[in-house]
Amino acid sequence: MTDARAVLGATEIFAGLSDEVLGLLAGAASRRELPAGTLLWAQGTPRQALFVVLEGSIEISRTRAGVVEPLSIEGRGEAVGIGAFLHTSDHTTSARSLGRTSVLELPREAVRERLLGDAAAAMEVLSRVAVVMNRRLQYQSSRAVGTEKGYGSGAVRREHDLLGERDVPADALFGVQTLRAVENFPITGIPVSHFPTLVRALAMVKLAAARANARLGLLPPAIAAAIEQASQEVIDGHHHGHFVVDMVQGGAGTSTNMNANEVIANRALEILGHARGDYAACHPNNHVNLAQSTNDVYPTALRIAAILATRVLVAALEKLRGALAEKGEEFREVLKMGRTQLQDAVPMTLGQEFGAFAVTTGEDVARLRETVRLFLEVNMGGTAIGTGINADPRYPELVVEELRRVTGLDVVLAENLVEATPDTGAFVMFSGVLKRVAVKLSKMCNDLRLLSSGPRCGLNEINLPPMQPGSSIMPGKVNPVIPEVVNQVAFQVIGNDLTITLASEAGQLQLNVMEPILAFNLFQSVDMLTAAIDTLRLRCIRGITANREHCREMVDRSIGIVTAVVPALGYERASEVAKEALATGRAVRDLILEKGYLTPAQLDDLLSIEAMTKPRPLSLGDRTV
């Protein structure tokens, strides 16, 4: 039997409501048992109910550009879909049970009916909903809204570090060192939370370290368990909005590491029953950062995040390769002119052109998979400079073993931790592959823009799907905006590669302090490329059509087809035909027939699609070569 009143009173959203109001809500609630995979709501459907998880877990995700992006996993005691109490607009996410799950459902209309007769109760409930939604906007979204866009409680807590005391927002999970970093580095306006994969990777490292230290008996079991739970919550997508330090910072990533330490420590304190900031019970440095340094935590997290982010990029490239291959098959019989130096060359099929795009995209997938494996080597346990100071001798192997379990990746300990700590060579190589992907994508988009140029005064061999009006002054103009945006992304990635190269070169002695700018550019490149590739596939490639008759007409008018008759006529005679065709504007075919060089049947054979677009045995007069 579920005590709905007690369950609701224990949730973040309804905590503090009077028993009378909780009773009104409980009367509208009903328990539901959900098999694995049950959809509570779908993105784009109206908000109709709030749910509280009793047992099991709910995954919240959203779909963008046809790709499902997991956002968070909500477990026991969490309320989801709370916006239903404020309005009936459509959901911007989807929610699905991960395993057998029990929830308490509060339908919007049923709650509304119970609150209609009690204005005070309605005001209490709606106030709590508004407060919690605001707090989540401030601190719990994966892509931070920014604390300046929300209204904090105004309450503070006093914390201190070696520089003195400071007031920290009471509802913040971060602490004084993070606060100083926010003040010191207003550089890009892009916080660590902008890259959820990096936040999750940091939490994975902290979780692995806590387990290793617990196995060594260096971390009390209760504190280790609390750190594990707090870290897992971050991995599941919670508290990301508390990772507020700027991606670009001095200190070799220390601010990011301390941001993670403070968030996890304060959440662990809550789990242990203590107030945030009561660091005697769980300290950011003494417990969360035990046997660690920024100099092994930060680069290890960067490597793990790069591997995880690359999976998404590779998936996007695979889908693009498939879409290009489909177009190659669709256009396999569309004859057109190939071009070199932008001049007519020899005939080919549009299918061959798109098939080549598919192959080159597949090559990029292979190169990414090869290069990203370099990130599997980590320097955990090296602490400050690779000597392992303040870490148990058994710790490096244990923490890497735990890291393998947490991440599911085949991470290995570097052979020499002193060498591995300042080494950023893997980032240079990987960025080079990202640049290769960008360059080849940009070249492909250049080709798409050329092939679709016109429609009356250009090549006009293909039609790109019209996405938006192209001019504020020229009626009817439609521009190739999708290839254009991919070009611009490519330029950014190419520039980022130079920054990464310079940052890697700037390392000195036992540490590379430039890793933050390296990380910022690397993850920006991966994210932008992934988004651009998905956009190119969904909003351009899939909708491309061919102007078949126009392509064939240009082949027939082209001087370039004379190359196909060189084996029969010889180079000199074929050159004469080409020169006359160019001078008179007459068709090559007509001139050859008029001069009696070949019969219509011979010419049809030589100018067939198969003959002009594929290798075959050559016939020179009566001889076959």
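Our focus in this paragraph is the pattern of salt bridges. Under the counting rule described, the total for this entry stands at 40 salt bridges. Linking Arg108 and Glu109 is a salt bridge whose minimum nitrogen-to-oxygen distance equals 3.7 Å. Overall, Glu109 belongs to the partly exposed group, its relative accessible area being 42%. The shortest N-O distance in the salt bridge between Lys443 and Asp447 comes to 2.5 Å. With a gap of four residues between them, Lys443 and Asp447 both fall in helix 14 (residues 425-451), about one helical turn apart. A relative accessible area of 16% means that Asp447 is categorised as buried. By sharing partners, the salt bridges in this structure join Arg215, Glu401, Glu402 and Arg405 into a single network.

Enumeration over the complete set of coordinates arrives at seven aromatic pairs. Ring centres of Phe375 and Phe430 lie 5.2 Å apart, and the angle between their planes is 65 degrees; on these two criteria the pair is classed as edge-to-face. With Phe375 in the loop between helix 11 (350-372) and strand 13 (377-378) and Phe430 in helix 14, this residue pair connects regions lying 55 residues apart in the sequence. Residue Phe375 shares its accessibility class with Phe430, and that shared class is buried. Connected via pairs of aromatic rings, a cluster forms that spans Phe331, Phe354 and Phe357. The lysine or arginine in question, Arg573, covers the ring of Tyr597, its NZ or CZ lying 4.3 Å from the ring centre.

Under the 1.5 Å per step criterion, the end-to-end length of helix 10 (residues 294-330) is 53 Å for 37 residues, consistent within 8% with the ideal 54 Å. When you tally the buried positions in helix 10, you get 26 out of 37 residues, the bulk of the element. If you check the start of helix 10, you find a side-chain oxygen 3.0 Å away from the backbone N of Asn295, and it comes from Ser293.

All right, on to the pairing of strand 9 (residues 156-161) then. Every second residue of strand 9 is oriented toward a common face, the buried set being Arg157, Glu159 and Asp161 and the non-buried set Val156, Arg158 and His160. Sheet topology note: the strand 9/strand 10 (residues 164-169) ladder contains six bridges and is antiparallel. What sits directly across from Arg157, in strand 10, is Val168. Connecting strand 9 to the next strand, strand 10, in antiparallel fashion are two residues.

Roughly 950 Å³ of internal volume is contained in the largest pocket. As for the largest pocket, its lining consists of 33 residues, of which Val68, Glu69, Pro70, Thr197 and Val312 are closest to the centre. Looking at the lining of the largest pocket, the elements that each hand over two or more residues are strand 5 (67-74), helix 6 (196-215), helix 10 and helix 16 (515-539). Residues belonging to the lining of the largest pocket are distributed by class as follows: 19 nonpolar, five polar and nine charged.

On to helix 6, then. With 20 residues, helix 6 extends 29 Å from end C-alpha to end C-alpha; this agrees with the ideal 28 Å at 1.5 Å per step. For helix 6, the buried fraction is high: 16 of the 20 residues fall into the buried class. Gly217 lies just past helix 6 and shows a positive phi near 75 degrees.

About the thresholds
- Residues numbered from 1 in each chain as written.
- Predicted model: local features only at pLDDT ≥ 70, side-chain atom pairs only at ≥ 80, totals over all residues.
- Heavy atoms only, no water.
- Salt bridge = Lys/Arg side-chain N within 4 Å of Asp/Glu carboxyl O.
- Buried < 20%, exposed > 50% of the residue type's maximum accessible area, 1.4 Å probe, protein only.
- Helix = DSSP H or I, 4+ residues; strand = E, 2+ residues; numbered from the N terminus.
- Phe/Tyr/Trp six-rings, centres within 6.5 Å; stacked < 30°, edge-to-face > 60°.
- Lys NZ or Arg CZ within 6 Å of the ring centre and 35° of its normal.
- Expected span 1.5 Å × (residues − 1).
- Polar contact = N/O pair within 3.5 Å; in protein donor to acceptor, adjacent residues only side chain to side chain.
- Pairing = 2+ DSSP bridges.
- 1 Å grid on protein atoms, 1.4 Å probe; cavity = no way out; pocket = protein on both sides within 12 Å on 5 of 7 lines; lining within 4 Å.
- Points joined across faces, edges and corners; volume = space filled by probe spheres on them.
- Nonpolar A, V, L, I, M, F, W, Y, C, P; charged D, E, K, R; others polar.

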